[in-house]
Amino acid sequence: MTDVHRELLELFRDVFEDDQMLVEEGMESSDIAGWDSLAHINLLIAAEKRFGIRFTVAEMSRLKQPGQTVGSLRELIESKIAAR
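Residues numbered from 1 in each chain as written. Predicted model: local features only at pLDDT ≥ 70, side-chain atom pairs only at ≥ 80, totals over all residues. Heavy atoms only, no water.

**As for helix α4 (residues 70–82)**
Okay, step 1: Along its 13 residues, α4 runs 18 Å from first to last C-alpha, staying within 8% of the 18 Å computed at 1.5 Å per residue.
Okay, step 2: Listed as buried for α4 are Val70, Gly71, Ser72, Leu73, Arg74, Leu76, Ile77 and Lys80.
Okay, step 3: In this structure, the buried residues of α4 make contact with α1 (3–15), α2 (37–51) and α3 (57–62). (Helix = DSSP H or I, 4+ residues; strand = E, 2+ residues; numbered from the N terminus. Expected span 1.5 Å × (residues − 1). Buried < 20%, exposed > 50% of the residue type's maximum accessible area, 1.4 Å probe, protein only. Contact = heavy atoms within 4.5 Å.)

Here's what the structure looks like:
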C-alpha cells in the first residue's frame with residue numbers, strides 16, 4: 001500500500017465517518033454506501049487539502065462516472081503531486 005493510498009483510506013474514513021471502512025483500488029462510488037454527490041465533493045475537497053492539490057471541475061465530474069475507481073482517484077492524486 002502506497003503512502004497516498006494510506007492517506008486516502010484515512011480520508012475515506014473521515015468523510016464517511018467509519019473508522020473500520022475498507023477501501024480497495026477497484027471499488028467504484030456505487031460500491032461504497034453513502035457515496036453520493038455531496039460525499040463526492042467532500043472527499044475531493046478533503047483530498048485537495050490533505051495533498052495540497054487542486055482538481056478541475058472536469059476531473060471532479062469524471063471521477064464520479066461509471067468505471068472510475070478508488071485507484072483512478074489515487075492515480076490522479078499521485079500525478080498531481082508529481083507535477084508540483
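**Notes on the packing of aromatic side chains**
Each aromatic ring pair is summarised here by two numbers: the centre-to-centre distance and the angle between the ring planes.
Okay, step 1: If you walk through the whole model with that rule in mind, you get three aromatic pairs.
Okay, step 2: Seen from their ring centres, Phe12 and Phe16 are 5.9 Å apart, and the 10° between their planes marks the pair as stacked.
Okay, step 3: The class of Phe12 is buried, set by a relative accessible area of 0%.
Okay, step 4: Clustering of aromatic rings is evident, with ring pairs tying together Phe12, Phe16 and Trp35. (Phe/Tyr/Trp six-rings, centres within 6.5 Å; stacked < 30°, edge-to-face > 60°.)

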